[in-house]
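Listed below, chain by chain, are the residues.
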Amino acid sequence: MRKANPEDLEQLAKLLDGRGGSKDQIAEAFTRASSLGVTAKLGALRPVQTWTAETAPDLRKRAGILKAENGDPTGGFLWAGFSAEDAVLLALNPQLAILAGAASLADDGSFDWVKRQKGETYSDWQNRMKSDAVAKITGDKNMGEVVADYLDLVEFIGTAPNALFKAGKGLWDLKKYWGPDHKALKAPGTFLAQMLRGQGSTGTMRLARYGGRIGRMLPPPLLNFLAGNNSYAALVGKTWAWEANLLKVAGPAARLQGALGGGGFSRFAAGAGATLKTAGWIRGAGAVGSAIATGVSFYELCQKGNPVEAFKKDKVGYAKDVSGVLFNASMTAAMVAPNPWTIGAVAVTGLVYGGLSIWDNWDTVKKWPGKVADAAGKAGEVISKGAGKLADGAKKLVSKYNPFD
């Protein structure tokens, strides 16, 4: 029975390779020695430097095993190589928590496939666990690949068409903006708000009429809350709330409050309130969601490690991930401040992201039907054999209890 405090092991690991720990201090000593030309004098510290780099992760692994033994759902993920923050997020999935915990306690090398690979994000790890688990359970590698490809294709279907659609919409809006009528640019993600106001493009006018009927049935305060208050958009020379730059609405509202004798806090409150009321719930929720998507995609990109090494390992895949971060960021900017620059950024990044997504998944798209057919055939064989064994068992059972046999 192992007896130790996992928190003590984690603290010791932090002292070794954490900020300002032994690893940093030794590196600083070598830097200073190099500037003084006496690096050779520190040769005895080289093994200590290596020992520190290897021991800290090992201590965290042991801490994870102890936590798993104590029933902590994060223990298995710490053993698998994730940070404490990632372990908490992953522990929300009970199936993965059980699998990782069991793997950490096996301690015999049979579950090495569960461990996190270098540069693997936690979403990639989750998908790999699902596919590898299927392959292990069925004993069919192709079956596991079918699951992995399916997960990739689901992600592809949810991202590439949306990015290309947003890119095309952005280009179309820019064409109308620079055309003879000089149509104002609209913030992405405000389609429903436009419908509730009875507004829309030529192809959606019938839908806009139905939406406008619903909007007119709503109390004006509720309609303003959902679709944005157009009166604030007039402060920046716009007709509709979805045309207004939210960053510019706050200024006039704050100055107006100041002219009425308001202090610093009241001016800030007036500006912030005008921004929120102009955005409305639909646009505001979309901007917040897009900002979160930007943060998540950037965090996932950082988890891949050194950009140069990650790019060399998977050029198209890494370029796709980078363009995905830029696309989400440009969408957020365009939702907040629709102008030719932000809408143009959506168009460019959307085309790049959508194109690279298709390129990165093209082999999977071509090969997946064949893999599915093979997997279905093997599954049919297994079912057939099982049905045969069931029939044989039934015959033996009837024979055993048949007095006339």
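Here the structure is a predicted model, which is why all the values come from computation and not from measurement.

Analysis parameters
- Each chain carries its own residue numbering, running from 1 in the written order of its sequence.
- Where totals are concerned, whole chains, interfaces and linings use all residues; where local detail is concerned, this predicted model gives features only for residues with pLDDT of at least 70, and gives and counts side-chain atom pairs only at 80 or more.
- Side-chain figures throughout are based on the complete set of non-hydrogen atoms in the structure, without hydrogens or water.
- For cavity detection a 1 Å grid was placed over the protein atoms alone, and a set of points counts as a cavity when a 1.4 Å probe fits there but cannot get out; an open set counts as a pocket when protein lies on both sides within 12 Å along at least five of seven lines, with lining residues being those that have an atom within 4 Å of a point.
- Grid points are joined across faces, edges and corners, and a volume is the space filled by probe spheres set on the points.
- Only DSSP runs of H or I with at least four residues qualify as helices, and only runs of E with at least two residues qualify as strands; both kinds are numbered from the N terminus onward.
- When residues are grouped by polarity, Ala, Val, Leu, Ile, Met, Phe, Trp, Tyr, Cys and Pro land in nonpolar, Asp, Glu, Lys and Arg in charged, and all others, Gly among them, in polar.
- Surface patches are drawn from residues lacking salt bridges whose relative accessible area is over 30%; two like charges belong together within 9 Å, two nonpolar side chains (Val, Leu, Ile, Met, Phe, Trp, Tyr) within 5 Å.
- Each accessible area is a Shrake-Rupley estimate made with a 1.4 Å probe; only the visible protein chains count as cover when residues are assessed.
- For salt bridges, the criterion is a side-chain nitrogen of Lys or Arg within 4 Å of an Asp or Glu carboxyl oxygen.
- Positive charges are assigned to Lys and Arg, negative charges to Asp and Glu, while His and the chain termini are left out of the count.
- All charge positions are set by atom: Lys at NZ, Arg at CZ, Asp at CG, Glu at CD.
- Using a 1.4 Å probe on the protein chains alone, a residue whose accessible area is under 20% of its type maximum counts as buried, one over 50% counts as exposed, and one in between counts as partly exposed.

### Things to note about empty space enclosed by the protein
1) Next: Taken as a whole and assessed by the stated rule, the structure comprises one cavity of 30 Å³ or more.
2) Next: By volume, the largest cavity amounts to about 40 Å³.
3) Next: The wall of the largest cavity is formed by Thr190, Ala193, Leu226, Ala227, Ala241, Trp242, Thr278, Ala279, Ile282 and Arg283.
4) Next: Counting residues per element, the ones that place at least two in the lining of the largest cavity are helix H11 (220-227) and helix H14 (264-303).
5) Next: No other element matches H14, which puts four residues into the lining of the largest cavity.
6) Next: Residue composition of the lining of the largest cavity, grouped by class: seven nonpolar, two polar and one charged.

### Digging into a positive patch on the surface
1) Next: Judged by side-chain charge, Arg206, Arg209, Arg213 and Arg216 come together as a positively charged surface patch.
2) Next: Turning to its location among the elements, Arg213 is positioned in helix H10 (residues 205-217).
3) Next: Taking relative accessible area as the criterion, Arg213 reaches 49% and is therefore assigned partly exposed.

### Quick word on the layout of surface pockets
Any empty space left between the atoms is revealed when a probe the size of a water molecule rolls over them.
1) Next: If you add up the space inside the second largest pocket, you get close to 710 Å³.
2) Next: Every residue lining the second largest pocket is counted, 30 residues in all, and those nearest its centre are Lys169, Asp173, Lys176, Lys186 and Gln194.
3) Next: Looking at the lining of the second largest pocket, the elements with two or more residues in it are helix H8 (141-177), helix H9 (191-196) and helix H17 (340-401).
4) Next: Here the element with the most residues in the lining of the second largest pocket is H8; it accounts for eight residues.
5) Next: Residues that form the lining of the second largest pocket fall into these classes: 14 nonpolar, nine polar and seven charged.

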